[in-house]
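For reference, the chains in residue letters:
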Amino acid sequence: MEVRKAVIPAAGWGTRFLPVTRAYPKELLPLINKPLIQYAVEEAINSGIKEIIIVIAEGKYSIPDYFKPAPELRALLRARGENKLADTLERLDNQNDIKYVTQPERLGLGNAVLMAQKAVGDEPFAVILPDDVVDAREPVIAQMLKIFKTYGTSVVGVECIDTEEIHRYGVIRPETVSPRVHKVLALVEKPAPEVAPSHLGIVGRYILTPQIFPAIEATQPGSGGEIQLTDAAALLLQSQPIYALEFAGQRFDTGNPQGWLEAQIAMGLKHPEFGDSLREKLRRMI
Ligand code: G1P
């Protein structure tokens, strides 16, 4: 079955990025000159996804504002001869269909995904966490869709995580079936390093069958007292296989200041307009 929809959860508090997130959704923080959530939307579109469902919460209405078409601004830019900028805005305004659903209570990632159930319906869908930005030649979701086509079941995107960081992730127990592809034997959310089933952490990318929704409904609050998507996937695993792909690409955890800074520098150095002068300036700084 074709995967036509992607859910982008953007309802969290953004505590790792306080204090800026007191008044500003972390999904709109810029990476160079585009908000983080724009990278997620582009990854979905470039993977062939037709419809995007963004889960927001109270106080995060500037996300739909950002995606609102801006015809007056475009006209103003054209009148001033700033056609390149106007073209960029026009591309944004023609972005695929975006729908919004609201999570009334911030009960965790699993609950946020559950809020999209009606909009998704009875079909497989992608989930992209906008914190995890991946610089990849082939978009990660496109890479994962190939695995979904092969096995016809849910797929999670994983990466090898350092022992000191493993307690921040959903972690799988893998049975390797081919290079970089693993059958998932178990999933644990935020394990202590001594009990982590491997070093393969889930990094913000999922293709899920719709059976994840009843699994979320049956999931009790877990790590941090929240309803965790990983715990729901562990429940789903009892009735359906799940696969994991170690995708190709460089991932940045932009949901905290350190990862965000690293992403700015790495992506800045590659940027066609700013790269060379940034390299030069960094060289002088260190
Ligand atoms: C969430 C998920 C976790 C996943 C991580 C990836 O955690 O619950 O399983 O590994 O995203 O970034 P959070 O970062 O919201 O604590």
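Note: the structure precedes this text.
Residues numbered from 1 in each chain as written. Predicted model: local features only at pLDDT ≥ 70, side-chain atom pairs only at ≥ 80, totals over all residues. Heavy atoms only, no water.

Caption draft 1: Structural view of the overall build of the protein chain. Scanning the protein chain from N- to C-terminus turns up eleven helices and 13 strands. Relative to its full complement of 286 residues, the protein chain shows a buried share of 49%. Residue pairs at least 24 apart in sequence account for 74% of intrachain contacts in the protein chain once pairs closer than 6 positions are excluded. Counting every atom, the protein chain has about 14300 Å² of accessible surface; 54% of that belongs to carbon and sulfur. Positive and negative side-chain charges of the protein chain, numbering 32 and 36 respectively, have mean locations separated by a distance of 4 Å. (Helix = DSSP H or I, 4+ residues; strand = E, 2+ residues; numbered from the N terminus. Buried < 20%, exposed > 50% of the residue type's maximum accessible area, 1.4 Å probe, protein only. Contact = heavy atoms within 4.5 Å. Areas by Shrake-Rupley, 256 points an atom, 1.4 Å probe, with all protein chains shown as cover. Lys, Arg positive; Asp, Glu negative; His and termini not counted. Charge placed at Lys NZ, Arg CZ, Asp CG, Glu CD.)

Caption draft 2: Looking closely at the packing of aromatic side chains. Applying the stated rule across the entire model yields four aromatic pairs. Taking 4.7 Å as the distance between ring centres and 75 degrees as the angle between the ring planes, the aromatic pair formed by Y66 and F67 counts as edge-to-face. When the centroid spacing of 3.8 Å and the interplanar angle of 15 degrees are considered together, the rings of Y151 and Y243 count as stacked. With Y151 in helix α7 (residues 140-151) and Y243 in strand β12 (residues 242-246), the pair connects residues that are 92 residues apart, well separated along the chain. Taking NZ or CZ as reference, R106 lies 3.7 Å from the ring centre of W13, over its face. (Phe/Tyr/Trp six-rings, centres within 6.5 Å; stacked < 30°, edge-to-face > 60°. Lys NZ or Arg CZ within 6 Å of the ring centre and 35° of its normal.)

Caption draft 3: Examining helix α4 (residues 83-93) more closely. Of the positions making up α4, those classed as buried are A86, L89 and D93. Angularly, the buried residues of α4 cover 60 degrees about the axis, an arc narrow enough to put them on a single face. Facing away from the buried side of α4 by more than 90 degrees, the exposed set consists of K84 and R91. Tucked into the core, α4 has its buried residues touching α3 (71-79). (Arc of directions from axis to C-beta.)

Caption draft 4: Layout of the side chain of E123. The residue E123 is located in the loop between α6 (117-120) and β6 (125-128) in this model. Judged by relative accessible area, which is 9%, E123 ranks as buried. A polar contact of 2.8 Å, which involves the side chain of E123, links it to the side chain of R4. Setting aside anything within four residues of it in sequence, one finds E123 in contact with M1, E2, R4, K5 and P210. (Polar contact = N/O pair within 3.5 Å; in protein donor to acceptor, adjacent residues only side chain to side chain.)

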